[in-house]
Amino acid sequence: MSAWVTFINLGVTSSFIANWLHAWILAWPAAGICAFLFGPMVHKITAVVVARISGEQRA
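Right, let's walk through the structure included here. Quantities reported herein were computed from a predicted structural model and do not represent experimental measurements.

**Regarding a nonpolar patch on the surface**
Okay, so step 1: Together, Ile 33, Leu 37, Phe 38, Met 41, Val 42, Ile 45, Val 49 and Ile 53 give the surface a local cluster of nonpolar side chains, amounting to about 810 Å² of exposed area.
Okay, so step 2: A residue is classified by how much of its surface remains accessible, and Ile 45, at 48% relative accessible area, is partly exposed.

**Some thoughts on the packing of aromatic side chains**
Okay, so step 1: Applying the stated criterion to the full structure yields one aromatic pair.
Okay, so step 2: Consider the rings of Trp 4 and Phe 7, whose centres lie 5.8 Å apart with planes at 35°: the pair is tilted. Within this pair, Trp 4 and its partner Phe 7 are both found in helix 1 (residues 2-10), separated by three residues, close to a single helical turn.
Okay, so step 3: Overall, the relative accessible area of 53% leaves Trp 4 in the exposed class.

**Section: helix 2 (residues 16-54)**
Okay, so step 1: Over its 39 residues, helix 2 runs only 46 Å from end to end, short of the ideal 57 Å by more than 12%, given 1.5 Å per residue.
Okay, so step 2: By the largest-angle criterion, Phe 38 marks the main kink of helix 2, which is about 50°, and a proline, Pro 40, follows within four residues.
Okay, so step 3: Listing the buried residues of helix 2 in full gives Phe 16, Gly 32 and Ala 51.
Okay, so step 4: The positive-phi residue at the C-terminal boundary of helix 2 is Gly 55, with phi of around 90°.

Definitions and limits used
- Residue indices follow the written sequence of each chain, beginning from 1 at its first position.
- For a predicted model such as this one, the threshold for reporting local features is a pLDDT of at least 70, and the threshold for listing and counting side-chain atom pairs is 80 or more; totals across whole chains, interfaces and linings nevertheless cover every residue.
- With hydrogens and water set aside, each side-chain value is computed from the structure's full complement of heavy atoms.
- Here the term patch refers to residues with relative accessible area over 30% and no salt bridge, with like charges joined within 9 Å and nonpolar side chains (Val, Leu, Ile, Met, Phe, Trp, Tyr) within 5 Å.
- Using a 1.4 Å probe, the Shrake-Rupley method yields the accessible areas, and only the shown protein chains count as cover for residues.
- By salt bridge we mean one thing: a side-chain nitrogen of Lys or Arg within 4 Å of a carboxyl oxygen of Asp or Glu.
- Exposure categories follow from relative accessible area, calculated using a 1.4 Å probe and restricted to protein chains: below 20% of the type maximum is buried, above 50% is exposed, and the middle band is partly exposed.
- Pairing of aromatic side chains requires ring centres within 6.5 Å, counting the rings of Phe and Tyr and the six-membered ring of Trp. Pairs whose planes differ by under 30 degrees are stacked, by over 60 edge-to-face, and all others tilted.
- Counting from the N terminus, the helices are the DSSP runs of H or I reaching at least four residues and the strands are the DSSP runs of E reaching at least two.
- Here, expected helix span is obtained from the residue count minus one, scaled by 1.5 Å.
- Given a residue, its bend is the angle between the two axes fitted to the seven residues that end at it and to the seven that start from it.

Below, the structure is given as structure tokens:
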């Protein structure tokens, strides 16, 4: 994702790799924290949705 956003914002330049690496280093901790905080909730919501789609009852 960081490479895509870097490409959209700057295009392919001679410093693309350096800019992308900088963006990745800044974005990774935020993405990791969000995954750890919201992952369990998203997992539960997904389980409920899948159970409803498959016709099972979930308490």
